[in-house]
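# Notes for the structure review
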Amino acid sequence: MKCRTTRFGTLDIAEEALLTFPSGILGFAEWTRYVLLDHDTEAPIKWLQCVENPELAFVVLDPVLFKPDYQVALGEDALAELESREGDDLSVVIILTIPSEDPTRVTANLRGPLVMNHRTRRCKQLVLSDDIPTRHPLFDTAVSRPGTPATSLQATAC
Amino acid sequence: MLVLTRRRGEGVTIGPNVRIVVLGIKGGQVRLGIEAPSNVEVHRDEVHARIQEENRMAAGTGAIPLEAFRQLSQRSGVGDPRRRR
């Protein structure tokens, strides 16, 4: 299918590459179909481009690159929405916020991760109940600040 | 919106297995106890609002600090099999 985007021009997207967010992404519930695009450089980011809204796209990053211990636990509702069954490959990506006034001050929304089921191509944005930051500074992580709690992020099982 | 008046210790039941009880009222604040099955997500309104707000900001991304991202992938050893576990 042809997909018009404001950032990348017109793309030709294979049906099997489409991702469905049955509940949408919070704040954008009316758009449910997206595609994951590689950025055309060696940077590890990807773009989650909506195929129904040319302007709507998010920069996402695999949390293993900056928070190797990041984990999420999925409740039954989330698993049902992902049409998940045992043995399915699920992966998590984090949405990045890149402020236009200073693009180097990138933050990662660890509180609202996106989970993808590779078999069903269904995805969901989770809202983690733990006290996890929505604006985790991405390029600060190498600096250890004494007095701050351990960076372990284990969402408690639902 | 259904509006109900409840006193301390009284509650409301929603559906077959969600119960909300008023535990206490003090200085303009109400303490609620919520009993719900583990598969029902319960969040303060602000949590959803914050993630929505963050998503809206993230959707406005224009410039990408590519150099910083390249350093991130070097630091984490992605693409370098020697540093992979």
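Read on for a plain summary of the structure. The model shown is predicted, which means the values in this text are computed figures rather than measured ones. (Residues numbered from 1 in each chain as written. Chains lettered and ligands numbered in written order. Predicted model: local features only at pLDDT ≥ 70, side-chain atom pairs only at ≥ 80, totals over all residues.)

Once that is clear, we can look at the pairing of strand β9 (residues 114-117) of chain A. Side chains on a regular strand alternate between the two faces of the sheet. All names here are of chain A. Covered by surrounding structure in β9 are L114 and M116 together with V115 and N117, the residues of both alternating faces. The pairing of strand β7 (residues 90-97) with β9 spans four bridges and is classified as antiparallel. Bridge pairing links S91 to M116 in β9. Relative to strand β10 (residues 122-125), β9 runs antiparallel, the two sharing four bridges. The residue of β10 that forms the bridge with N117 is R122. (Buried ≥ 20, exposed ≤ 12 C-beta atoms within 10 Å, placed from the backbone. Helix = DSSP H or I, 4+ residues; strand = E, 2+ residues; numbered from the N terminus. Pairing = 2+ DSSP bridges.)

Turning to the interface of chain A and chain B, a few remarks are in order. The interface of chain A with chain B comprises 34 residues on the first partner and 30 residues on the second. Of all elements in the fold, only β6 (57-61), α1 (76-81) and β7 of chain A reach the threshold of two or more residues within the side of chain A that touches chain B. If you tally residues by element for the side of chain A that touches chain B, the top one is β7(A), at three residues. (Contact = placed C-beta atoms within 7 Å.)

A rise of 1.5 Å per residue sets the reference length of helix α1 (residues 45-58) of chain B, with its 14 residues, at 20 Å; its end C-alpha atoms lie 20 Å apart and thus fit the reference within 8%. Along α1(B), the positions that sit buried rather than exposed are B:I51, B:E54, B:N55 and B:A58. The buried residues of α1(B) occupy an angular sector of 100° when projected down its axis, which confines them to one face. Among the exposed residues of α1(B), those pointing more than 90 degrees away from its buried face are B:D45 and B:E46. Along its buried surface, α1(B) packs onto β6 and β7 of chain A. (Expected span 1.5 Å × (residues − 1). Arc of directions from axis to C-beta.)

Here we come to the sheet that holds strand β1 (residues 11-14) of chain B. Residues and elements named next belong to chain B. Strand order in the open sheet made by the three strands is β1-β2-β3, with antiparallel pairing throughout. Pairing within the sheet leaves two strands with one partner each, and these edge strands are β1 and β3 (29-35). This sheet shows a mean twist of 25° between the axes of neighbouring strands, independent of strand direction. Bridging between strand β2 (residues 18-26) and β3 involves seven bridges; their strand directions are antiparallel. Bridge pairing links I20 to I34 in β3. (Axes fitted to C-alpha atoms, helices over the stretch in contact; angles between N-to-C directions.)

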